[in-house]
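Architecture at a glance
For reference, the chains in residue letters:
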Amino acid sequence: MRSRRETLGWSQERVGVAVGIEESSSRTRISRYESGVHEPPTQTARLIAKALKVPLAYLYCEDDAVAALLVSLYQLSAGEREVRVGQFSVMLAEGGS
């Protein structure tokens, strides 16, 4: 979450306010979510993902490369995403060749 927020050039406060957290506590709450001290409720996580323009799965991804792939796929149209995922699946099934 921190990486995406920084890529967008957003402060923790901006993210918090964008998802409806009171301005006075938004920086602290987002900081706690980013550091793993607290996990946001699912609905809040959905709002954060929407604000950051990433799929919800991105927020729970433990691998940076997979997270980057999720963002790239999310930015495609639904039709193009379906095509690319199909191509990628075939490539993986063939052993990556």
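Keep in mind that what you see is a predicted model, and the values were worked out from it rather than measured.

Moving on to a nonpolar patch on the surface. Taken together, the side chains of Leu69, Phe88, Met91 and Leu92 define a hydrophobic patch exposed on the protein surface, amounting to about 340 Å² of accessible area. Among the elements that line the nonpolar patch, the one with the most residues is helix α7 (residues 78-93), at 3 residues. Mapped onto the secondary structure, Phe88 falls in helix α7.

Looking now at unusual backbone geometry. Both trends apply: most residues other than glycine have a negative phi, and most peptide bonds are in trans. Phi at Lys53 is positive, roughly 60°, even though this residue is not glycine. Structurally, Lys53 can be placed in the loop between α4 (42-52) and α5 (56-60). By relative accessible area, which is 48% here, Lys53 ends up partly exposed.

Now for the packing of helix α6 (residues 64-74) against α7. The geometry of α6 relative to α7 is characterised by a closest axis approach of 9 Å and an angle of 140° between their N-to-C directions. The angle between α6 and α7 falls in the class oblique. The segment α6 lies against α7, with Leu69, Leu73 and Tyr74 engaging Arg81, Arg84, Val85 and Phe88. Considering only residue class, the contact of α6 with α7 consists of 5 nonpolar, no polar and 2 charged.

Grouped together as the largest cluster of nonpolar side chains are 16 residues, with contacts concentrated most on Val15, Ile30, Ile48, Leu52, Val54, Tyr58 and Leu59. Counting only elements with at least two residues in this core, the list comes to α3 (23-35), α4, α5 and α6. With 5 residues, the single largest contributor to this core is α4. Filtering out sequence-adjacent residues up to four positions away, Ile30 remains in contact with Met1, Gln12, Val15, Gly16, Ile21 and Ile48.

Parameters at a glance
- Residues numbered from 1 in each chain as written.
- Predicted model: local features only at pLDDT ≥ 70, side-chain atom pairs only at ≥ 80, totals over all residues.
- Heavy atoms only, no water.
- Patch = residues over 30% accessible without salt bridge, like charges linked within 9 Å, V, L, I, M, F, W, Y side chains within 5 Å.
- Areas by Shrake-Rupley, 256 points an atom, 1.4 Å probe, with all protein chains shown as cover.
- Salt bridge = Lys/Arg side-chain N within 4 Å of Asp/Glu carboxyl O.
- Helix = DSSP H or I, 4+ residues; strand = E, 2+ residues; numbered from the N terminus.
- Buried < 20%, exposed > 50% of the residue type's maximum accessible area, 1.4 Å probe, protein only.
- Axes fitted to C-alpha atoms, helices over the stretch in contact; angles between N-to-C directions.
- Parallel < 35°, antiparallel > 145°, perpendicular 65-115°, else oblique.
- Contact = heavy atoms within 4.5 Å.
- Nonpolar A, V, L, I, M, F, W, Y, C, P; charged D, E, K, R; others polar.
- Core = buried A, V, L, I, M, F, W, Y, C linked by side-chain atoms within 4.5 Å.

So far we have only geometry, and geometry alone does not tell us how the molecule works.
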